[in-house]
Amino acid sequence: MTFAITQNCCTDAACVAVCPVNCIHPTPGERDFGTTETLYIDPGACIDCGACADACPVDAVHPVAELTPAQQPYAGINAAYFEGTGQPASGAGAGVDHGPNFHAWGAPSFDRVLPSDFAPLRVAIVGTGPAGMYAAEDLLLHTRSEVTLVDRLPAPGGLIRYGVAPDHPATKRIGETFARFHTHPRVRLHLGLDVGTHITADELAAHHDAVIYAVGAASDRRLGIPGEDLPGSIAATTFVAWYNAHPEVAPDAVDLSSDRVVVVGNGNVALDVARILVSDPDSLAGTAIARHALEELRRSKVREVVLLGRRGPEHAACTGTELLALKNLPGVDLVVDDHDARIGTAIDAAGAAGAAHKAGLFQDVPREAVDWSAPPRAAGGRRRIVFRFHSEPLALHGDGHLRAVRVTSGAGEAGEQEIPAGLALRAIGYRGVPQAGLPFDEESGTVPHEGGRVTGRPGTYVVGWIKRGPSGGIGTNRRCAAETVGTLLADAVAGRLPAPTGGARAFRRLARRRR
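Residues numbered from 1 in each chain as written. Predicted model: local features only at pLDDT ≥ 70, side-chain atom pairs only at ≥ 80, totals over all residues. Heavy atoms only, no water.

Caption draft 1: Geometry of the overall build of the protein. Looking only at helices and strands, the protein features 17 helices and 23 strands. C-alpha atoms of the protein, sized along the principal axes, occupy 75 × 65 × 45 Å. In the protein, which comprises 515 residues, the proportion classed as buried is 52%. Look at the contacts in the protein between residues 6 or more apart in sequence, and 73% of them connect residues 24 or more apart. Working note: accessible area of the protein is about 22,200 Å², and carbon and sulfur atoms make up 51% of it. Averaged over its 49 positive side-chain charges, the protein has a centre that lies 7 Å from the centre of its 57 negative ones. (Helix = DSSP H or I, 4+ residues; strand = E, 2+ residues; numbered from the N terminus. Buried < 20%, exposed > 50% of the residue type's maximum accessible area, 1.4 Å probe, protein only. Contact = heavy atoms within 4.5 Å. Areas by Shrake-Rupley, 256 points an atom, 1.4 Å probe, with all protein chains shown as cover. Lys, Arg positive; Asp, Glu negative; His and termini not counted. Charge placed at Lys NZ, Arg CZ, Asp CG, Glu CD.)

Caption draft 2: Spotlight on the pairing of strand E16 (residues 393–397). Bridge analysis of E16 against strand E17 (residues 404–408) gives four bridges, and the strand direction is antiparallel. The residue of E17 that forms the bridge with Leu-396 is Val-405. Count of turn residues in the E16/E17 antiparallel hairpin: six residues, of which Gly-400 carries a positive phi of about 90°. (Pairing = 2+ DSSP bridges.)

Caption draft 3: Here's a closer look at a positive patch on the surface. A grouping of Arg-505, Arg-509, Arg-512, Arg-513 and Arg-515 is seen on the molecular surface, where their side chains present a positively charged patch. You can call Arg-505 exposed: its relative accessible area is 60%. (Patch = residues over 30% accessible without salt bridge, like charges linked within 9 Å, V, L, I, M, F, W, Y side chains within 5 Å. Salt bridge = Lys/Arg side-chain N within 4 Å of Asp/Glu carboxyl O.)

Caption draft 4: Seen up close, the sheet that holds strand E10 (residues 233–235). The strand order across the open sheet formed by seven strands is E10-E19-E11-E12-E15-E13-E14, and the pairing between neighbours is parallel. Two strands lie at the open edges of the sheet, namely E10 and strand E14 (367–368), each paired on one side alone.

Caption draft 5: Geometry of helix H17 (residues 504–514). Looking only at H17, the buried set comprises Phe-507, Leu-510 and Ala-511. The buried residues of H17 occupy an angular sector of 100° when projected down its axis, which confines them to one face. Looking at H17, the residues exposed on the side facing more than 90 degrees away from the buried face are Arg-505, Arg-512 and Arg-513. Turning to H17, the residues buried within the fold contact strand E6 (146–151), strand E7 (187–191) and helix H8 (201–206). (Arc of directions from axis to C-beta.)

Encoded structure:
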């Protein structure tokens, strides 16, 4: 019996480190690492030891024989990755026995080599999401640093707490891994403390050897079309924060009295909001969903969610794993709007490849030319999600409130169509916002840096989305944090860090006064 990696994979590679036979790929040293949707277990090399399952922080690794019917496709997805990849799978090309005692290991590497007299550093980390906590973990495990965690919100966690959908409890579980550092003896946690409001960036820096900003991307990208600010048009990020009880989003921020919702975008966030909108509220009752959101979902009149994608199904922005999960949602039908001949052509061409190509995942999804003048179909009390590819929004119409979304109608056509809807969610990406006291690149929405070192501000560093832009999943932040911490330690060894003028106790007093 072998193991397989399923939908929840966070790609932080904790499983790779414990595998005795190197059967999990891509590894951090391989070219594809950080670009694949998940990691994969080679069924021919796996020895069924279960070490990967024990190490996985999000419960994504399961024995193939115990996969549920909805999870069964992941066994094939894992095996398919090793077909034609050139990986030393199943002993092919390896030249060695793939047992734990005879595996050919590479030379050891030591990423954190510090002088024996290296003094402890006081490092402040602004933000307690995955990026900030991976940086804290690196510092605490590899140095004697003292870490000050600062977060403007009243609870720690960042996007793990306020961005992951409540029906993904396994993904949220990685927050428990991070939480163990909140009470570490060399950590001080300050919640409800905003840098730029309660204290300045200079004051924070004056009490620490270095400061790492892990503030993420707090805003969203806009469409830039007429009517975008009509009531009934909101950012998907607001909707996500609403159902996760974010303290800065009002309980009445979302109105679900419309029978149709248009979501602009088809990435994972778009799929998350679509799934929550059409799920049975009873199935969400046992999750961490906000109470006010659950009550509104119980009153909801939404019968149909339309996902707009400006490109074809082969370029759908969502991961294949999230799409597979959507196809198994009880009481919900998936439909592809067959308004453009290119859509069916792409799906049929990819059909034989199946999960290896994104469009192939739509092979078994019904296609129809949707009549948008008719009310949403709700046969047998079911709800549905409509994928509309090769279509983008042109304007939002309404008299005091959103009434319809005008969209492009197909390849080479001058015509347009209106999709009646009372709620539109833009899910086209997150965007970083300027940080008080730091330089900012308006075009990329990031803080300019070199290897994580903030340009023109010695002793200040960035990590996560504010560093690289809103790309990559949870595990991507581990590698990002390793680079930033490595730069910080190199600067410390070289004597490039400004000397702090205040101590830890003085900062705690300052924080209490200002907060």
